[in-house]
Amino acid sequence: MDTTQQAGREENGAERRRRELLEAADRVVLRDGPKASMNAIAAEAGITKPILYRHFGDKAGLYQALAVRHTDALLDSLRAALDAPAERRSRVEATLDTYLAAIEARPQVYRFLMHPAEDPHAAERGFDVGLHSAPLLRRLGEELAKVVAERVDLGPDGEELARIWGHGIVGMMHAAGDWWLGERPCGRASLVRGLTDLLWGRLATAGNLEDGPGF
C-alpha cells in the first residue's frame, strides 16, 4: 500500500470515529439536553474524556460539531419543503412546519443547541450560548436568503432585500418556535397558519425570478 492510500484510509477511519462519537453525543443530548456533560458523552462512547477532548477540544468544539450536523440535516429538510410541487403558500407553510416539527421532535437537542447556558456549570467552562447559537442562526438566514434571491423577483435591490427577508424569517421562526416549544399555547398547525399570514404580504404578490426555479 502506498503512502497516499494509507493516508486516505487513516482519514476515513478518523472520520468514521468522529461520526461515532457524535452519534454517542446525540444519544446523551437526547437524554440529558443542555445538562449533557463531556463525562457522560465519553462514557456513552466507551472512551475516556481525554480522548473525547482530543477529537473536539472542549464542549464548545463538540457543540459546534453537533450544530453543523443538525443544521445540515435541517437545511436538507427545509430545501425539500421549498422544492415540493405545490403552490407558493403551501410551500411556505410546509417550510415553517418542517422547522417546527424538527424542534418538536427533538426538544432536548434543540435546547442543547440554543440554551446550553441552562447548564449551571457552563459558565465555569466559559461556554457562552450567544457565541455558539448565533452563527447557527446566521447560517440558516444566509441559506434562506439564497433561496429567496434565486427564486423571487424583488426588483433592483433584490439581493439585499433577500438577505433582509432570509434573516428576518429565521429570526421569526426561532423566536416564535422557542416561545411555542416552551409554553405550547396552541397547536403547531395554528402557529404555522399565523406565521404564514404574517409573512404573506409582499411574498404573495412578488413574481418569480425570470429563468429561476420558481417559488
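See the structure shown above.
Residues numbered from 1 in each chain as written. Predicted model: local features only at pLDDT ≥ 70, side-chain atom pairs only at ≥ 80, totals over all residues. Heavy atoms only, no water.

K.L.:
What is the right way to look at the packing of helix α2 (residues 38–45) against helix α3 (residues 49–56) in this model?
P.N.:
Between two packed helices, what matters for the description is the angle formed by their axes and the separation of those axes. At their nearest, the axes of α2 and α3 sit 9 Å apart, and the two run at 100° to each other. Comparing the axis directions of α2 and α3 gives the class roughly perpendicular. Within the contact between the two elements, α2 uses Met-38, Asn-39, Ile-41 and Ala-42 and α3 uses Lys-49, Leu-52 and Tyr-53. Looking at the contact of α2 with α3 residue by residue, the class counts come to five nonpolar, one polar and one charged. (Axes fitted to C-alpha atoms, helices over the stretch in contact; angles between N-to-C directions. Helix = DSSP H or I, 4+ residues; strand = E, 2+ residues; numbered from the N terminus. Parallel < 35°, antiparallel > 145°, perpendicular 65-115°, else oblique. Contact = heavy atoms within 4.5 Å. Nonpolar A, V, L, I, M, F, W, Y, C, P; charged D, E, K, R; others polar.)

K.L.:
Help me understand the pattern of salt bridges, please; the structure alone is not making it clear to me.
P.N.:
Side chains bearing opposite charge may pair, as long as their charged atoms lie close to each other. On inspection of all chains with the given rule, the structure shows 16 salt bridges. Between Arg-151 and Asp-83 there is a salt bridge, with its nearest N and O atoms 2.4 Å apart. Placement of the pair is Arg-151 in helix α7 (residues 129–151) and Asp-83 in the loop between α4 (59–82) and α5 (88–105), with a sequence separation of 68 residues. With a relative accessible area of 10%, Arg-151 lands in the buried category. In this structure, the salt-bridge partner of Asp-97 is Arg-188, at a minimum N-O distance of 2.7 Å. On the criterion of sequence distance, the pair formed by Asp-97 in helix α5 and Arg-188 in helix α9 (residues 188–205) is long-range, its members being 91 residues apart. Residue Asp-97 is classed as partly exposed on the basis of its relative accessible area, which comes to 24%. A single network of salt bridges, built from pairs that share partners, joins Asp-76, Arg-79, Glu-143 and Lys-146. (Salt bridge = Lys/Arg side-chain N within 4 Å of Asp/Glu carboxyl O. Buried < 20%, exposed > 50% of the residue type's maximum accessible area, 1.4 Å probe, protein only.)

K.L.:
What exactly am I supposed to notice about the side chain of Arg-91 here?
P.N.:
Checked against the element boundaries, Arg-91 lands in helix α5. No salt bridge is formed by the buried Arg-91. Its closest oppositely charged neighbour is Asp-83, at 6.5 Å. At 3.3 Å, the side chain of Arg-91 and the backbone oxygen of Leu-82 are in polar contact. (Lys, Arg positive; Asp, Glu negative; His and termini not counted. Polar contact = N/O pair within 3.5 Å; in protein donor to acceptor, adjacent residues only side chain to side chain.)

K.L.:
Sorry if this is basic, but what is going on with the nonpolar core here?
P.N.:
A general trend in soluble globular proteins is that nonpolar side chains are found buried together. Formed by 56 residues in total, the largest nonpolar core has its most connected members in Leu-52, Leu-62, Tyr-99 and Leu-154. No other element matches helix α8 (residues 158–183), which puts ten residues into this core. Leu-154 has contacts with Val-148, Leu-161, Ala-162, Trp-165, Arg-202 and Ala-206, leaving out every residue within four places of it along the chain. (Core = buried A, V, L, I, M, F, W, Y, C linked by side-chain atoms within 4.5 Å.)

K.L.:
Where do I start with the packing of α5 against α8 in this structure?
P.N.:
Where α5 contacts α8, the axes come no closer than 10 Å and their chain directions differ by 40°. Overall, the two elements α5 and α8 adopt an arrangement that is oblique. Of the two elements, α5 crosses α8, and the hand of that crossing is right-handed. Along the contact surface, α5 presents Leu-96, Tyr-99, Leu-100, Ile-103 and Glu-104, while α8 presents Met-172, Met-173, His-174, Gly-177, Trp-180 and Leu-181. (Left-handed = near helix turned anticlockwise from the far one by under 90°.)

K.L.:
Quick question: what am I supposed to make of the environment of Glu-210 here?
P.N.:
Looking at where Glu-210 falls in the secondary structure, it is placed in the segment after α9. Taking the relative accessible area as the measure of exposure, Glu-210 reaches 70% and is therefore exposed. Note: C-alpha distance between Glu-210 and Asp-153 (57 residues apart in sequence) is 7.5 Å.

K.L.:
Looking at this structure, I do not really get α2. What am I missing?
P.N.:
Structurally, the α-helix is built with 3.6 residues per turn, so residues lying three or four positions apart point the same way. Turning to α2, its buried residues are Met-38, Ala-40, Ile-41, Ala-42 and Ala-45. Taken from the residues just after α2, Gly-46 is the one with a positive phi, measuring 75°.

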